[in-house]
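# A look at the structure
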Amino acid sequence: MLDFAPQLISVYGPNGQRLYANRLTLEYAGLNIDEWRQSEGRGAIIHPDDRERELAYFARARSDGSAGQLELRLRGGDGSYRWFLARYNSVRDKNGQILRWHVSCTDIEDRKRAEDRLQQENVALREEIDKASMFEEIVGTSPSLQTVLSRISKVAPTDSTVLVTGETGTGKELVARAIHRRSHRASRAFVSVNCAAIPRDLIASELFGHEKGAFTGAMQRRLGRFELAEGGTIFLDEVGELSVDTQVALLRVLQEREFERVGGRQPIHVDVRFIAATNRDLKTAVASGNFREDLYYRLNVFPLEVPPLRERRSDIPLLVEYFIDRYARKAGKNIKHLNKKTLHLLQSYPWPGNIRELQNVIERSVILCDTDVFSIDESWLPLSLPATESKRHIELPRRLEAQEKNMIEEALEASGGRVFGPAGAAAKLGVPRSTLESKIKLLRIDKNRFKTDPEG
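Quick summary incoming for the structure in this document. Sequence order as written defines residue numbering, which begins from 1 separately in each chain. Whole-chain, interface and lining totals are the exception, using all residues; otherwise, since this is a predicted model, local features are given only for residues with pLDDT of at least 70 and side-chain atom pairs are given and counted only at 80 or more. Side-chain numbers come from the whole structure's heavy atoms, not from hydrogens or water.

This paragraph deals with the sheet that holds strand β11 (residues 273–278). Strand order across the open sheet formed by 5 strands is β7-β8-β11-β6-β12, with parallel pairing between neighbours. In the strand order of this sheet, the two ends are held by β7 (190–194) and β12 (302–305), each with one partner. Taking each pair of neighbouring strands and ignoring which way they run, the sheet shows an average axis angle of 20°. A strand pair is defined by DSSP finding two or more bridges across the two strands. A run of H or I in DSSP becomes a helix once it reaches four residues, and a run of E becomes a strand once it reaches two; helices and strands are each numbered from the N terminus. Note that strand β6 (residues 162–165) and β12 share 4 bridges and pair parallel. Counted as the bridge partner of V162 is F302 from β12. For this analysis, residues touch if any pair of their heavy atoms sits within 4.5 Å. Comment: axis = line fitted to C-alpha atoms, over the contacting stretch for helices; angle = value between 0 and 180 degrees taken between N-to-C directions. Across the sheet, helix α6 (residues 172–181) lies against β6, β7, β8 (233–237), β11 and β12, angled at about 160° from β7, the strand it touches most.

What follows is the structure, encoded as structure tokens:
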């Protein structure tokens, strides 16, 4: 029966001595059974680059008797090597002592070639993307941007978790890619996940993968983003939008570097570098109970804030020149000059949408430009309304914070400084005690000054 099996099958003694090989194994190696038994050691036909790995694996298997599998290259009778998936299984006596090792090898040469070809195509695609985009092109010389670049150069060579904050459109993913490119993981994958763009009931499957039959529609096993990022970097954009359940699972990955696929029971170890980004105020989210405090501190190992465009106006001429050149070449146009009035208008606008808004305006203008002088329609950048809206955008959080502080202080005063209990400030405000304590700490409120009862 073993001679008719489509795999290379061999049997070894408890210490690795050769006992038996099926017909397909002998035909592949170009040996008869006696020659196979007398050849030098188990690693005689294993590729030199794989021998040490196979010996170490077999030594571990012998120590605990566990079954497992290993990919390695085996030499055929013609001297060429092919990739095989070797599966190791032990046979024990009633006392648990190992009597035999059965090893079956399945030919996976075609699969490995396809993987290598796909990897080469991915490398070529990444190189093409690099040429066509500004992933490494963080444009600007302003002091605020140079501070960010300096911090990038310091944290990139490490494996520290980075939390990138900043308003929408400031280029947080650009910063994350720059960190990856300057790290020792640069040759491996950079996997980006927009947590806000994935439905909450699918985010766990997207991040951690799922097993076949884990839920309706799971027709086959699917690898998650963490497995795809193995050895590289995973970038979690809009991390503040994650549900509490997903935050718990993410915290486990950060702490233990392992996870389980949805519907799976086998822990999967992962070696990735974490970079997260958000335009939300996570401290406020923690205080309100919408974001786990322990996860926030795990992510906030190395905070990096990207300044808004209004704080780096000196970079606008460089950015405008960069985008004009980029989109003019793409549109096949030759734009040589920039209207001074247009440049002044661009530098005067507050850019609530930051660099992304500037990029869109430049692209639209290049499409409509019919001469070699670049200009924009002034109606696209009304100075009064956006400036007012921008100011409101800045002032609103301050107003809300002041209003929240007043409400808490009034509740503390009415409760005599008590936080918990039926007559406490937490009960009056209708919030959990822990949440109120966090807010008091965050807003720097001295609750002792409201106490009327020394023992309260």
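For the rest of this paragraph, the subject is the packing of aromatic side chains. Geometry of aromatic contacts follows a simple scheme: Phe, Tyr and Trp rings, the Trp one being its six-membered ring, pair when their centres are within 6.5 Å, and the pair is stacked under 30 degrees between planes, edge-to-face over 60, tilted otherwise. All told, the structure shown has 12 aromatic pairs when counted by the stated rule. Judged by centre distance (6.0 Å) and plane angle (40°), the rings of F226 and F259 are tilted. A residue pair is termed long-range when its members are at least 10 positions apart, and F226 in helix α8 (residues 225–228) and F259 in strand β9 (residues 258–259) qualify at 33 residues. Each member of the pair, F226 as well as F259, carries the same accessibility label: buried. For the ring pair Y322 and F323, a centre distance of 5.6 Å and an interplane angle of 75° mean the geometry is edge-to-face. Directly above the aromatic system of W83 lies the positively charged group of K112, at a separation of 4.5 Å from the ring centroid. When the ring centre of W380 is taken as reference, the NZ or CZ atom of R364 above it lies at 4.4 Å. Accessibility here uses a 1.4 Å probe with only protein chains present; expressed as a share of the type maximum, an area under 20% marks a residue as buried, one over 50% as exposed, and anything in between as partly exposed. Two limits define a charge over a ring: the Lys NZ or Arg CZ must be within 6 Å of the ring centre, and within 35 degrees of the ring normal.

Time to look at the sheet that holds strand β4 (residues 81–92). The strand order β2-β1-β5-β4-β3 describes an open sheet built from 5 strands, whose pairing is antiparallel. Edge positions in the open sheet fall to β2 (18–21) and β3 (68–75), since each of these has one partner strand only. Neighbouring strand axes in the sheet, compared pairwise and without regard to direction, differ in orientation by 30° on average. Pairing geometry for strand β1 (residues 8–12) and β2, over 3 bridges, is antiparallel. The partner of V11 across the bridge, within β2, is Y20. Sheet contacts for helix α3 (residues 48–64): β3, β4 and β5 (98–107); angle to β3, the most-contacted strand, approximately 150°.

Right, let's talk about helix α17 (residues 433–442) for a bit. All of the buried residues in α17 are T435, L436, K439 and I440. What you see down the axis of α17 is that its buried residues fit within an arc of 135°, all on one side. Away from the buried face of α17 by more than 90 degrees, exposed residues S434 and K441 are located. Trailing α17 by a residue or two, R444 shows a phi angle of about 55°, which is positive. By definition, the arc is the one covered by directions from the helix axis to the C-beta atoms.

The next point concerns unusual backbone geometry. Phi at R257 is positive, roughly 60°, even though this residue is not glycine. Structurally, R257 can be placed in the loop between α9 (244–256) and β9. Since its relative accessible area comes to 25%, R257 is described here as partly exposed. The phi dihedral of N354 falls on the positive side, at around 60°, and the residue is not glycine. Mapped onto the secondary structure, N354 falls in helix α14 (residues 354–368).

Worth remembering: the numbers are spatial, not functional.
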